[in-house]
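Descriptive structure summary
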Amino acid sequence: MNQQGYVATPPYSQSQPGIGGFSPGFGQPASSPLYGHYGGPSPSSNAPHSAMLKTNVPFGSAPSIGPPPHSTHQFNQMNIQNGPSTGTQQAHRFPAPSAFSPPYSLPSQSSYPNSPPSTSTVQLASQLGNMQLNNYGPSTAPHTPPCVPSGQPQAFQGPPPRPHQVALSSGPQISPPASNNLNSQGSPPSLPPVARQEGMPGSGPLNTNLPQQFPSEPPGPGFPPQYGNYGPPMAGAQLSYPGGLPSGPAQLAGPQQRKLDPDSIPSPIQVIESDRVSRGGQVYATNIRGQVPPLVTTDCVIQDQGNASPRYLRCTTYCFPSSSDLAKQAQIPLAAIIKPFANVLPNETPLYVVNHGETGPIRCNRCKAYMCPFMQFIEGGRKYQCGFCNCVNDVPPFYFQHLDHIGRRIDHYERPELSLGSYEYVATLDYCKNKKSPQLPAYIFMIDVSYNNIKSGLVKLICDELKTVLDRLPREKQEETSSIRVGFVTYNKVLHFFNVKSNLAQPQMMVVTDVGEVFVPLLDGFLVNFQESRSVIHNLLDQIPEMFTDTNESETVFAPVIQAGMEALKAAECAGKLFIFHASLPTAEAPGKLKSRDDRKLVNTEKEKTLFQPQTNIYETLASDCVANGCCVDLFLFPNQYVDVASMGLVTLHTGGTLYKYSNFQVQSDGQQFLSDLRKNIEKQMGFDAIMRVRTSTGFRATDFLGAIYMNNTTDVEMAGIDCDKAVTVEFKHDDKLNEDSGALIQCAVLYTSISGQRRLRVHNIGLNCSSQLADVYKSCETDSLINFFAKSAYKAILSQPLKTVREILVNQTARMLACYRKNCASPSAVSQLILPDAMKVLPVYMNCLLKSSVLMGKPEIPTDERTFHRQLVMSMDVASTQFLFYPQLVPIHTMDVNSDTFPSAVRCSEERLSEGGVFLLANGLHMFLWLGVSALPEFIQGIFNVPSFAHVSTEVTLLPEVDNVYSTKLRSMIEHLQSKTPYTMKILIVKQREQPEMAFKQFLVEDKNIYGGASYVDFLCCIHKEICQLLS
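Taken from UniProt, the Sequence similarities (unreviewed entry) comment for the chain reads in full: "Belongs to the SEC23/SEC24 family. SEC24 subfamily."

**Looking at the overall build of the chain**
Each helix and strand counted, the chain has 24 helices and 35 strands in total. By the burial criterion, 63% of the 1033 residues in the chain qualify as buried. Across the chain, contacts joining residues at least 24 apart in sequence account for 76% of those joining residues at least 6 apart. With an accessible surface of roughly 36800 Å², the chain has 51% of that area assigned to carbon and sulfur atoms.

**Remarks on the environment of Val957**
Tracing the chain through its elements places Val957 in the loop between helix H21 (938–945) and helix H22 (966–980). Given the relative accessible area of 33%, Val957 is considered partly exposed. Sequence spacing of Val957 and Ile988 is 31 residues, and the spatial spacing of their C-alpha atoms is 8.2 Å. If we ignore the near neighbours within four places in the chain, the residues touching Val957 are Ile988 and Ile990.

**Comments concerning the sheet that holds strand E15 (residues 392–394)**
Read from one edge of the open sheet, three strands run E13-E14-E15, paired in antiparallel fashion. Each edge of the open sheet is held by one strand with a lone partner, namely strand E13 (376–378) and E15. Adjacent strand axes in the sheet meet at a mean angle of 35° when their direction is disregarded. As judged from the three bridges shared by strand E14 (residues 383–385) and E15, these two strands associate in the antiparallel manner. Across the sheet, the residue bridging to Lys383 is Asp394, located in E15.

**Structural notes on the sheet that holds strand E34 (residues 927–932)**
The strand order across the open sheet built from four strands is E32-E33-E34-E35, with neighbouring strands paired in mixed fashion. Each edge of the open sheet is held by one strand with a lone partner, namely strand E32 (889–892) and strand E35 (987–992). Within the sheet, the average angular offset between the axes of one strand and its neighbour, ignoring direction, is 20°. Those strands touched by H22 are E32, strand E33 (919–923), E34 and E35, and its axis lies near 155° from that of E34.

**Quick notes on the packing of aromatic side chains**
Within the structure shown, the criterion is met by 34 aromatic pairs. Here Tyr370 and Tyr425 contribute two aromatic rings whose centre-to-centre distance is 6.3 Å and whose plane-to-plane angle is 40°, an arrangement assigned as tilted. Of the two residues, Tyr370 sits in the loop between strand E12 (353–354) and E13 while Tyr425 sits in strand E16 (residues 422–426), which places them 55 residues apart along the sequence. When sorted by exposure, Tyr370 lands in the same class as Tyr425, which is buried. With centroids separated by 6.1 Å and ring planes inclined at 40°, the aromatic side chains of Phe558 and Tyr619 adopt a geometry described as tilted. Here the residue Phe558 occupies a position in the loop between helix H8 (534–547) and helix H9 (559–571), and Tyr619 occupies one in helix H10 (residues 618–628), the gap between them amounting to 61 residues. Across the pair, Tyr619 and Phe558 agree in class, each one buried. Counting every residue linked through ring pairs, the aromatic cluster contains Phe581, Phe636, Phe638, Tyr660, Tyr662, Phe665, Phe674 and Tyr984.

**Quick look at the pattern of salt bridges**
Applying the stated criterion to the full structure yields 43 salt bridges. A salt bridge links Arg600 to Asp598, with the nearest nitrogen and oxygen atoms 3.4 Å apart. Several salt bridges share partner residues, and in doing so they unite Arg409, Asp411, Arg415 and Glu417 into one network.

**Observations regarding the side chain of Ser697**
Positionally, Ser697 belongs in the loop between strand E25 (686–696) and strand E26 (700–706). A polar contact of 2.9 Å, which involves the side chain of Ser697, links it to the backbone nitrogen of Leu745. Dropping the residues within four chain positions of it, Ser697 is found in contact with Gly387, Phe388, Gly743, Ala744 and Leu745.

**A few points about unusual backbone geometry**
Phi angles above zero are rare outside glycine, and Asn390 is one such case at about 70°. If you trace the backbone, Asn390 turns up in the loop between E14 and E15. Classification of Asn390 by relative accessible area gives partly exposed; the value is 44%.

**Side note on the nonpolar core**
In terms of nonpolar packing, the biggest core is built from 203 residues, with Phe488, Phe674 and Leu930 touching the most fellow members. Looking at this core element by element, the count peaks at ten residues for helix H16 (residues 803–824). If we ignore the near neighbours within four places in the chain, the residues touching Leu930 are Ile893, Val919, Phe920, Leu921, Phe945, Leu960, Leu971, Ile988, Leu989, Ile990 and Val991. With 36 residues, the next largest nonpolar core counts Phe320, Phe700, Ala702 and Phe705 among its residues.

**Looking at the environment of Gln942**
Within the secondary structure, Gln942 sits in helix H21. Looking at Gln942, the relative accessible area reads 33%, which means it is partly exposed. Sequence separation between Gln942 and Tyr967 is 25 residues; the distance between their C-alpha atoms is 9.2 Å.

**With respect to the environment of Arg994**
Relative to the helices and strands, Arg994 resides in the loop between E35 and helix H23 (998–1002). Overall, Arg994 belongs to the exposed group, its relative accessible area being 57%. As for Arg994 and Leu932, which are separated by 62 residues in sequence, their C-alpha atoms are 9.7 Å apart.

**A word on the confidence of the model for the chain**
Residues of the chain with pLDDT of at least 70 account for 75%, and the chain-wide mean is 80. Low confidence marks residues 20–162, where pLDDT is under 50. Its contacts with residues over four positions away, or in another chain, come to 450 contacts. Per-residue pLDDT stays below 50 along residues 169–259; that stretch engages in 306 contacts with residues further than four places along the chain or on separate chains.

**Concerning helix H20 (residues 879–886)**
An α-helix turns once per 3.6 residues; consequently, residues spaced three or four apart project the same way. Counting buried positions along H20 gives seven out of eight residues, so the element sits mostly inside the fold. Three or more residues of H20 are buried, namely Val879, Ser881, Thr882, Gln883, Phe884, Leu885 and Phe886.

**Considering a nonpolar patch on the surface**
Together, Met509, Val511 and Met547 make up an exposed nonpolar region whose accessible area comes to about 240 Å². Tracing the sequence through the fold places Met509 in strand E20 (residues 508–512). Owing to a relative accessible area of 38%, Met509 belongs among the partly exposed residues under this scheme.

**Here's the deal with helix H3 (residues 268–279)**
For H3, built from twelve residues, the straight-helix expectation of 16 Å at 1.5 Å per residue is met to within 8% by its first-to-last C-alpha distance of 16 Å. Those residues of H3 that fall on the buried side of the exposure criterion are Pro268, Ile269, Gln270, Val271, Ile272, Glu273, Ser274, Asp275, Ser278 and Arg279. Contacts from the buried residues of H3 go to strand E7 (283–285), helix H17 (843–851) and H20. A distance of 3.2 Å separates the backbone nitrogen of Ile269 from a side-chain oxygen at the start of H3, and that oxygen is part of Ser267. Positioned one or two residues after H3, Gly281 has a phi angle of 75°, which is positive.

**Details of the packing of helix H7 (residues 458–469) against H8**
For the pair H7 and H8, interaxial distance at closest approach is 8 Å and the crossing angle is 170°. Classified by the interaxial angle, the pair formed by H7 and H8 is roughly antiparallel. Here Val459, Lys460, Cys463, Leu466 and Lys467 of H7 come into contact with H8, specifically with His538, Leu541, Asp542, Ile544 and Pro545. In the contact of H7 with H8, the residues fall into six nonpolar, one polar and three charged.

**Observations concerning the packing of H17 against helix H24 (residues 1017–1032)**
Relative to each other, H17 and H24 sit at 105°, their axes nearing to 9 Å. In terms of orientation, H17 and H24 fall into the roughly perpendicular class. Together, Pro844, Val845, Met847, Asn848 and Leu851 of H17 and Tyr1017, Phe1020 and Leu1021 of H24 make up the contact between the two elements.

**Description of the pairing of strand E30 (residues 759–771)**
Across the 13 residues of E30, 13 count as buried, placing the element largely inside the fold. Going residue by residue along E30, you find Arg759, Leu761, Val763, Asn765, Gly767, Asn769 and Ser771 tucked away on one face and Arg760, Arg762, His764, Ile766, Leu768 and Cys770 tucked away on the opposite face as well. As paired elements, strand E10 (residues 319–321) and E30 share three bridges and run parallel to each other. Note on E30: the bridge partner recorded for Phe320 is Cys770. In this structure, E16 lies alongside E30, joined through five bridges in antiparallel fashion. Note on E30: the bridge partner recorded for Glu424 is Arg762. In the sheet, strand E29 (residues 744–753) pairs with E30 via ten bridges, with the strands oriented antiparallel. Residue pairing for E30: Leu751 is matched across the bridge by Leu761. Remark: five residues form the turn of the hairpin made by E29 and E30, two consecutive strands paired antiparallel; Gly757 in that turn has positive phi of roughly 85°.

Rules and cut-offs
Residues numbered from 1 in each chain as written. Predicted model: local features only at pLDDT ≥ 70, side-chain atom pairs only at ≥ 80, totals over all residues. Heavy atoms only, no water. UniProt positions renumbered as here; feature names shortened; annotations may be inferred. Helix = DSSP H or I, 4+ residues; strand = E, 2+ residues; numbered from the N terminus. Buried < 20%, exposed > 50% of the residue type's maximum accessible area, 1.4 Å probe, protein only. Contact = heavy atoms within 4.5 Å. Areas by Shrake-Rupley, 256 points an atom, 1.4 Å probe, with all protein chains shown as cover. Pairing = 2+ DSSP bridges. Axes fitted to C-alpha atoms, helices over the stretch in contact; angles between N-to-C directions. Phe/Tyr/Trp six-rings, centres within 6.5 Å; stacked < 30°, edge-to-face > 60°. Salt bridge = Lys/Arg side-chain N within 4 Å of Asp/Glu carboxyl O. Polar contact = N/O pair within 3.5 Å; in protein donor to acceptor, adjacent residues only side chain to side chain. Core = buried A, V, L, I, M, F, W, Y, C linked by side-chain atoms within 4.5 Å. pLDDT = per-residue confidence, 0-100. Patch = residues over 30% accessible without salt bridge, like charges linked within 9 Å, V, L, I, M, F, W, Y side chains within 5 Å. Expected span 1.5 Å × (residues − 1). Parallel < 35°, antiparallel > 145°, perpendicular 65-115°, else oblique. Nonpolar A, V, L, I, M, F, W, Y, C, P; charged D, E, K, R; others polar.

Here it is in structure tokens:
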């Protein structure tokens, strides 16, 4: 292959930027070259230690069974520890660890005393149609039995899998079509019968637009030994490594098999379970730079010891390439997903608040970074060197402290800002608007009282709930009651403001009919303390449904409602939040009036992007004004038809608010879901009128920000409100070479007003490793974070680029990342082998789930509002939420042990995992289904539904009955556990096997082909493999 590297072709040329760091990002001018080159060090000098461990097994013999001997290794050039290099140590100078390391290549056992030793590498016996998994290296070990199907806990006896190799060999199967357009629009021709009997998941015909055949090369007999990054091994070394699927590194090659076995391709369930087994329930300390944290799906206790908790900050890779050239080669996006107000567990330490009085926080004079563990004190403690810009600063006299024998301040552990990764500062007046202390924040409830909302009972439901839910307003831990003030507005074509001052006997209503120029008719008595005005507010909430009971007004306004709420907060000189409960398209004559434009004919055309853009620029302007005045907007939509979420939801998106949508709302079936969402929302801990700035050490910088945010310039992320569920994804690019000794440092500082009206600074710091070895970068990747980044990047890109282009970029970049690993980190092997880095082995399945999401599918059958709603939700999601959304949990309820505290393990999201005698619960954070097999045990049905048989179960119910038995209690506790993990309440839908509603359920079985033409996981893996082969040939 040409050592100059593979040169990309459109749409990956410079005029068509790719996602994330490898061109300026979607929709921006291509100011830097595309990272489409694969030239560079030859594989022999650059083989990854992420793929193997050196052992003293004689060359050519079978690797010994069981963990490696505890004796010292023959070679110490190689290291799989992922901790930081301390002082001047280089990564490759660490001694070799004495046992295989835990999942995702974490630090060696010294760092993780509780990590179980590895079990032997197991060879998979299950094969893919034209794929087979073999062991890594020319081993003569006998085949061990096939693995237990994923999802069953007994399959996970040892620590997690390691590097993964899958080989797709050629075969006479199905000749590939001319195009490899994934999930293409036309209905695919049916396959020859032989391919249909291959045991492919899904009941429909395969998507023949996926490549099924590859260049006819003889499959490799196994891999020659890999040399790691540090030269060839001494004679007599056989390289082996634990990993692969439930076992060792996996390779697909070898004799042709007729039967396709999905168990032989990487399983997300198995990766999740492996991580839980090795790291679940343990204490994860953040004292080592660049270590990869447990997966978001693993429950553990996090102890801040100098780097921010992964609850606040996760990265796509914890080892950055040391140069931009290396980053271009790898194509791995360098990004952090920051969730500044994340909730911590009750047994974890809450953030300390540091108060330096009138002096305020101590900052670097040059780069303005805040005092943190990365500052180095020198000259006996009189000066400190900034870890971000290297500027030497004087220590203020009041802050002086002597240094100990290792150059550390003797009060190091007494000061949170010196010893912890996350903490808060009390801000001084210099950090306040107009140098005045902020007022207490306020919540304004704005209720649409048009005809439909009154008649459906929605208005009465809201008013009844507000009487009780206002007692749950958030408060500081030391306060007995909440400081937040409340106000009330109702509206249809006009606005009604209410005076609820505590000394009134009855609330007073004032009507504003001029919706073109909205003003606030009263100040005193509009925003009040709920406890003081409780009786007047209760009186008002009783009266509102009756007051409008005879209304015939069906038209509504919308933009003037937001304007009015913002003006009220502005007049009171406080920040706050609007809760708007709205039902229909605003068609009344007023600013922001919208027309129905749900034109499905635009789908899959150049103009499709207009469906995701607002109709009018008034909402952009309104969003900007709201952010400037600290006015966050939460919108609860109850539409019976198209409401143009792209326009109406825009202010919510830009102000850091939350959007809820309850289509065809009915009080009986949807009321509980809405009330639960409202309660969760009102109780959330929040920050108001926030500005976030991300600083980095020299050599790289933050270039792009994705989330529920507003940006007036290139550095300040503005959020009128930010709650415990919102995350901002930040992309970084090199502007110089990074230093491997000092690493890559990131500091995120959020200036905000607390719920008690105090101006504060919340600071999160993290140190990452840097390396000139690509293998280190791949080893430290986190797939869940990568998918969060790709989803947000793609969802931003569809505003400016055709859907087809966005999809192609995603597929192409996935192939490029894996091709770069194959070329630079894996040992030479047959082209027919698909080699996946261990940390990315489930990237293809997650990427396929993203491509099959309603936003990127591009099918006229999917309502536009549904796609826009989904897009907006994802833009502010954290890593755990996107992981849950794109790969739902499918739990076999019928296997639960009612006498145990544990829940059944999830199984892979495929129809093949369902059984006629089973009952399965599926959840993805927004939707929940309970699927009943036709032969489900009657006693199980009786236990859950209190009816005698399958036939008697009603699919209309959306709440499970509270039956007094172990089955019902266990299932309801499992559902509560899943509900507690997500910001949104999932309405449960009962689905019976072979009945019509089952079609909706099957769309969430993401490993199968779906009815809109989305590829199955197996097909997508073939497609990616073909792309990789083309890149490498």
